[in-house]
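Chains, contacts and geometry: an overview
Spelled out, the chains give:
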Amino acid sequence: MNPWKILMAGALAAASMAGSGLAQSNAPAPKTWADKLTLKGDLRYRYEAIRDDAKKDADGDVYTRERNRIRARLGAEAKIEDHLKAGLELSTGQADPISGNQSLGDGFGKKEMRLNLAYADYSFFGDAQPYELHAVAGKMKNPFLTMTDDLTWDADATPEGVAAKGQVSCGMATLFANGGYLWVQERAADDDLMLVAGQVAAKFQFVPEIALTAGAAAYAFQNVQGYDVLDWENKNNAYGNSTIDGTVAGGATNKAWGMEFLPVVYFAQLDFWAFGKPIAVFAQELSNSDADDLDRGHLVGVSLGKAKNLRTWEVGYSYAELEKDATLGMLTDSDRWGGGTDGKGHRVYAKYQLQKNLQLAATYLAGEKCISDAAKKTDYDRLQLDVSVNF
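The present account deals with the structure reproduced in this document. Since this is a predicted model, take the numbers as computed values, not measurements.

1. Here's the deal with the overall build of the chain
- Regarding its fold elements, the chain presents 1 helix and 19 strands.
- Against the globule reference of 21 Å for 391 residues, the chain gives a C-alpha radius of gyration of 27 Å, more extended than a compact globule.
- Reported as C-alpha extents along the three principal axes, the dimensions of the chain are approximately 115 × 50 × 40 Å.
- Counting every position in the chain, which comprises 391 residues, the buried fraction comes to 39%.
- Put simply, of all contacts in the chain between residues at least 6 apart along the chain, 54% involve residues at least 24 apart.
- Carbon together with sulfur atoms contributes 58% to the accessible area of the chain, which is approximately 21,400 Å² in total.
- The average position of the 41 basic charges and that of the 52 acidic charges among the side chains of the chain differ by 9 Å.

2. Description of the packing of aromatic side chains
- In this structure the tally under the stated criterion is 7 aromatic pairs.
- The interplanar angle of 85 degrees and the centroid separation of 5.1 Å between the aromatic rings of Y122 and F124 together place this pair among those described as edge-to-face.
- Its relative accessible area of 34% is what places Y122 among the partly exposed residues.
- Plain terms: the ring middles of F144 and W153 are 6.3 Å apart, the flat faces sit at 20 degrees to each other, and that makes the pair stacked. When sorted by exposure, F144 lands in the same class as W153, which is buried.
- Taken together through their ring pairs, the aromatic side chains of F144, W153 and Y219 make up a single cluster.

3. What to know about the pairing of strand β13 (residues 263–274)
- When strand β10 (residues 210–222) meets β13, the two strands line up antiparallel, connected through 9 bridges. Note that in β13 the partner of T213 across the bridge is Q269.
- Counting the residues that bridge the hairpin from β13 to strand β14 (residues 277–288) gives 2 residues, and of these F275 lies at a positive phi of roughly 60 degrees.

4. Side note on the side chain of N241
- Within the secondary structure, N241 sits in the loop between β10 and β11 (243–244).
- Taking relative accessible area as the criterion, N241 reaches 4% and is therefore assigned buried.
- At 3.4 Å, the side chain of N241 forms a polar contact with the side chain of T341.
- Filtering out sequence-adjacent residues up to four positions away, N241 remains in contact with W257, F261, K324, D325, T327, L328, G329 and T341.

5. A look at the pattern of salt bridges
- Within the structure shown, the criterion is met by 21 salt bridges.
- Within the structure, one salt-bridge network assembled from shared partners comprises E48, R67, R69, D335 and R382.

6. Regarding the nonpolar core
- Grouped together as the largest cluster of nonpolar side chains are 40 residues, with contacts concentrated most on Y219, F221 and W257.
- Mapped onto this core, the elements with two or more residues apiece are β5 (113–123), β8 (173–185), β9 (193–207), β10, β13, β14 and β16 (313–322).
- Top contributing element to this core by residue count: β9, with 4 residues.

Conventions adopted
Residues numbered from 1 in each chain as written. Predicted model: local features only at pLDDT ≥ 70, side-chain atom pairs only at ≥ 80, totals over all residues. Heavy atoms only, no water. Helix = DSSP H or I, 4+ residues; strand = E, 2+ residues; numbered from the N terminus. Rg over C-alpha atoms; globule rule 2.2 N^0.38 Å. Buried < 20%, exposed > 50% of the residue type's maximum accessible area, 1.4 Å probe, protein only. Contact = heavy atoms within 4.5 Å. Areas by Shrake-Rupley, 256 points an atom, 1.4 Å probe, with all protein chains shown as cover. Lys, Arg positive; Asp, Glu negative; His and termini not counted. Charge placed at Lys NZ, Arg CZ, Asp CG, Glu CD. Phe/Tyr/Trp six-rings, centres within 6.5 Å; stacked < 30°, edge-to-face > 60°. Pairing = 2+ DSSP bridges. Polar contact = N/O pair within 3.5 Å; in protein donor to acceptor, adjacent residues only side chain to side chain. Salt bridge = Lys/Arg side-chain N within 4 Å of Asp/Glu carboxyl O. Core = buried A, V, L, I, M, F, W, Y, C linked by side-chain atoms within 4.5 Å.

Read these as geometric descriptors, not functional statements.
Right, dumping it as structure tokens:
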């Protein structure tokens, strides 16, 4: 054979192989499980000083309790397919449903980590639609729209059960509809304590700088009255709610809830820009339809700025009042007046975004607890200094 032909054939073969290798190197690598997984977490270190006039030392004097606390959370969410995702999150904390804080100073003892989230989220229309409808099951993030400072929910609450979340955009308006069938307490030999809830809301974006969100929610707690109070500390704490003698009602303790709870909540928030900063003004009104007295709640607040980007800041103020039987106290904010209902007070806070993932914050709460009984009413003050890191 002609040596030139042999040389030409070899060159063509080599070029073909090189071209094939180049095409393969430029082709996108196949996706692995790691590409479907998103990891995130946060760590908060808090100094806290609490002066509760209802608590006295051995000499009968009111004292200020000081403590340092941490909260650490680590979560993962996997996008299993276009319509389905699932998530898990671990958090420090004990069985407390509304706090992941762990106090320091117990002889360097190990801190507990517990399951805070475990859910599956199915999207009926996927992510590229002008409307959304999600079905969520498990231990989930709160499926309802809430205020920055909310009358019904603590920000750390993670409800359990099944929920549906929907929204649709129509011109300048976005409509929301959320519902839940949630297990509060499973009882082996009795009816379960359930929460059946629904919420509707609308957000009107008048111009890019002005928006109004308004809505209503109804939270129907079932099988509450006459049952032993549910207290994770096992101290018969009713978190402000009225109680009756549990042993008379057939319970095992001396405290049982005195009534049912069906709080109906109305809320609104106006967002606008002024002085080159975002401003939010919000309000809530609450009434327990299953109570005849001490059944109301009120909240008003305002915030200026947004601590999100580097060297941005935010300040805010709110005033809240929750009468004794306005809502189920065990799920409300755990910080103001020590948690629960039957209190009123002010909250002032400031935040500063020192770095992209590092935030400094200070919060001061001044309030009164046991406001339903003038003879038992006492002052309550709380200072919190936070350093938070997100990753």
